[in-house]
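As a plain string of letters, each chain reads:
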Amino acid sequence: MLENLESNYDCSNAGEDLHQLKQELASLRGMGKEDPKTQEDINRLENQIAFIMNKCDINH
């Protein structure tokens, strides 16, 4: 998970960052746990992915 995403995010890192974030998300979802901490982490990862895709105009 990335620590801080700011409005000045460098889109040249998007490919690598998205790959990493999506792997982390898949791993968390694969654990099958629905405890509040895991759900919070899943939500944060989904938000980070959406932010990068919107900021860098990536359509998937």
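Definitions and cut-offs
- Within every chain, residues take consecutive numbers counted from 1 along the sequence as written.
- Selection of residues for local features in this predicted model requires a pLDDT of at least 70, selection of side-chain atom pairs for listing and counting requires 80 or more, and totals for whole chains, interfaces and linings are taken over all residues.
- For side-chain calculations, the full set of non-hydrogen atoms in the structure is used, while hydrogens and water are omitted.
- Convention adopted: a line fitted to C-alpha atoms gives each axis, helices being fitted over their contacting stretch, and angles between N-to-C directions are expressed from 0 to 180 degrees.
- Working definition: helices are DSSP H or I runs of at least four residues, strands are E runs of at least two. Numbering for both runs from the N terminus.
- Oblique is the label for any angle not under 35 degrees, not over 145, and not in the 65 to 115 range, which are roughly parallel, roughly antiparallel and roughly perpendicular in turn.
- We call a crossing left-handed when the near helix sits turned anticlockwise from the far one by less than a right angle, and right-handed when that turn is clockwise.
- Contacts are residue-level and defined by heavy atoms, with any inter-residue pair within 4.5 Å sufficient.
- When the centres of two rings from Phe, Tyr and Trp lie within 6.5 Å, Trp using its six-membered ring, the rings pair. Their planes under 30 degrees apart give stacked, over 60 give edge-to-face, and anything left gives tilted.
- When a residue's accessible area, from a 1.4 Å probe over protein chains only, is under 20% of the maximum for its type it is buried; when over 50% it is exposed; and in between it is partly exposed.

A. Main features of the packing of helix α1 (residues 14-30) against helix α2 (residues 36-55). Close contact between α1 and α2 brings their axes to 10 Å; oriented N to C, the two are set at 155 degrees. When the axis of α1 is compared with that of α2, the two are roughly antiparallel. Crossing of α1 against α2: the hand is left-handed. Residue-level inspection shows Ala 14, Asp 17, Leu 18, Leu 21, Lys 22, Glu 24, Leu 25, Leu 28 and Arg 29 of α1 in contact with α2, the latter providing Thr 38, Asp 41, Ile 42, Leu 45, Glu 46, Gln 48, Ile 49, Ile 52 and Met 53.

B. Broad picture of the packing of aromatic side chains. All chains considered together, the criterion is met by one aromatic pair. Ring geometry for Tyr 9 versus Phe 51: centroids 6.5 Å apart, planes at 75 degrees, classification edge-to-face. With Tyr 9 in the segment before α1 and Phe 51 in helix α2, the pair connects residues that are 42 residues apart, well separated along the chain. A relative accessible area of 12% places Tyr 9 in the buried class.

Any functional reading would require information that these geometric values do not contain.
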